[in-house]
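Structure assessment
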Amino acid sequence: QETAAPATDMSDEAIIEAVGVTRLAFIATGDDEVDATTMAGLQGLTLILHQRTAAELGTPVAIHPDRDELAFYPILYWAVTQGQSPLDETGRNRINEFMRNGGMLVFDLRDPGVTGLGASALQTMTAGLDIPPLTPLPAEHVLARTFYLLREFPGRWSGGTVWVERAEGRVNDGVASVVVGSNDWAAAWATDELGRPMFPVVPGGDRQREFAFRFGVNLAMYALTGNYKSDQVHIPSILERLGQ
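Residues numbered from 1 in each chain as written. Predicted model: local features only at pLDDT ≥ 70, side-chain atom pairs only at ≥ 80, totals over all residues. Heavy atoms only, no water.

What follows is about the packing of aromatic side chains. When we look at a pair of aromatic rings, we describe it by the centre distance and by the angle of the planes. A complete count under the given rule lists six aromatic pairs for this structure. Measuring from centroid to centroid gives 5.1 Å for Trp78 and Phe107, while their planes differ by 25 degrees, and the two rings are stacked. Taken together, the positions of Trp78 in strand β3 (residues 75-79) and Phe107 in strand β4 (residues 104-108) put the pair 29 residues apart, joining distant regions of the chain. Here the aromatic cluster, defined as three or more aromatic residues joined through ring pairs, consists of Phe153, Trp185 and Phe215. Sitting over the face of the ring of Phe211, Arg214 holds its NZ or CZ atom 5.1 Å from the ring centroid. (Phe/Tyr/Trp six-rings, centres within 6.5 Å; stacked < 30°, edge-to-face > 60°. Helix = DSSP H or I, 4+ residues; strand = E, 2+ residues; numbered from the N terminus. Lys NZ or Arg CZ within 6 Å of the ring centre and 35° of its normal.)

So, in structure tokens, the structure goes:
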């Protein structure tokens, strides 16, 4: 039986601040270039969410699972890098607790062309984690229609398969605990201080970047609202049973 994660070392003031503001977060990889790109990507996505939805999010943060509390964040974005150190026991416990309590891990292998290498790195990174069985994202999945209706899920690259937890049960309000892709979403979302894109997207240009942002919006809204969209499908039959 897995032991509970140790209590956080955060101060009361830091906890109050974290609870008061919803933020996107990412796992710090130790690769400064990758982490800077991920931060810029989540900042760009946060801006898009502010412009297009009612979500009011704070500045994204980098997380170290071995010492940081994870419960304050709906999503943890995890860029897969070669040579990334496996989690220690504390980090594994905290990640597993995060998933059990409704958090969503988004793994990005960042390059469909090196799927074999990325998959090997992902396997090393996730050793000891309770990763559920995965399946290619089906067209009818809530993630494909949470805010935008989508049939493709590109990032800086396009064409890679997106994988999600195999079945959406009632656990965690129907939200998949794991999403895995290889399209380098953060690089497509990344903007500089003037709001300009930092990296080209291939091969689809501005249209591809727009769909990358739409997928990011869907990811965030999916994590924040649970299975709300799925439940709406059943409203007519529920009202009929109530005689409305």
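All right, on to the pattern of salt bridges then. Scanning all chains against the criterion turns up four salt bridges. Note that Arg52 and Glu210 form a salt bridge whose closest N and O atoms lie 2.9 Å from each other. Pair noted here: Arg52 is in helix α2 (residues 32-52) and Glu210 is in helix α6 (residues 205-225), with a separation of 158 residues, a long-range link. We classify Glu210 as partly exposed; its relative accessible area is 22%. Of the charged contacts in the structure, one is a salt bridge between Glu152 and Arg207, with a shortest N-O distance of 3.7 Å. Here Glu152, found in the loop between β5 (134-136) and β6 (163-165), pairs with Arg207, found in helix α6; they are 55 residues apart in sequence, far enough to count as distant. Of the residues examined, Glu152 reaches a relative accessible area of 35% and is grouped as partly exposed. When salt bridges with common partners are traced through the structure, they connect Arg52, Glu210 and Arg214 into a single cluster. (Salt bridge = Lys/Arg side-chain N within 4 Å of Asp/Glu carboxyl O. Buried < 20%, exposed > 50% of the residue type's maximum accessible area, 1.4 Å probe, protein only.)

The biggest cluster of nonpolar side chains holds 39 residues, and the ones touching the most others in it are Met104 and Trp189. Of all the elements in the fold, those that place two or more residues in this core are α2, β3, β4, α5 (185-189) and α6. Among the elements that line this core, the one with the most residues is α6, at 10 residues. Those residues in contact with Met104 that lie beyond four places of it in its chain are Pro74, Ile75, Leu76, Phe98, Val175, Ala176, Ser177, Val179, Leu219, Tyr222 and Ala223. (Core = buried A, V, L, I, M, F, W, Y, C linked by side-chain atoms within 4.5 Å. Contact = heavy atoms within 4.5 Å.)

Once that is clear, we can look at the packing of α2 against α6. Packing of α2 against α6 leaves a shortest axis separation of 10 Å and a crossing angle of 80 degrees. Viewed along their axes, α2 and α6 adopt a mutual orientation that is roughly perpendicular. Residues Gly44, Leu45, Ile48, Leu49 and Arg52 of α2 touch α6, and the partners they reach there are Glu210, Phe213, Arg214, Gly216, Val217, Ala220 and Met221. Here the contact of α2 with α6 is composed, by residue class, of seven nonpolar, two polar and three charged. (Axes fitted to C-alpha atoms, helices over the stretch in contact; angles between N-to-C directions. Parallel < 35°, antiparallel > 145°, perpendicular 65-115°, else oblique. Nonpolar A, V, L, I, M, F, W, Y, C, P; charged D, E, K, R; others polar.)

Moving on, we get to the environment of Met39. Within the secondary structure, Met39 sits in helix α2. Remark: the alpha-carbon pair of Met39 and Thr59, spanning 20 residues in sequence, is separated by 9.3 Å. With residues up to four places along the chain from it excluded, the contact list for Met39 reads Phe26, Pro60, Val61 and Ala62.

Following the sequence through the fold, Tyr73 ends up in the loop between β2 (61-63) and β3. What makes Tyr73 buried here is its relative accessible area of 12%. Remark: the alpha-carbon pair of Tyr73 and Gly103, spanning 30 residues in sequence, is separated by 7.2 Å. Excluding anything up to four places from it in sequence, Tyr73 contacts Arg23, Ala25, Val61, Ile63 and Phe98.

So, on to unusual backbone geometry. Between Val202 and Pro203 the backbone carries a cis peptide bond, its omega angle lying at 5 degrees. With respect to the element layout, Pro203 can be found in the loop between α5 and α6. The phi torsion at Arg110 lies on the positive side, around 75 degrees, for a residue other than glycine. The phi torsion at Asp184 lies on the positive side, around 55 degrees, for a residue other than glycine. With respect to the secondary-structure elements, Asp184 resides in the loop between β7 (178-181) and α5.

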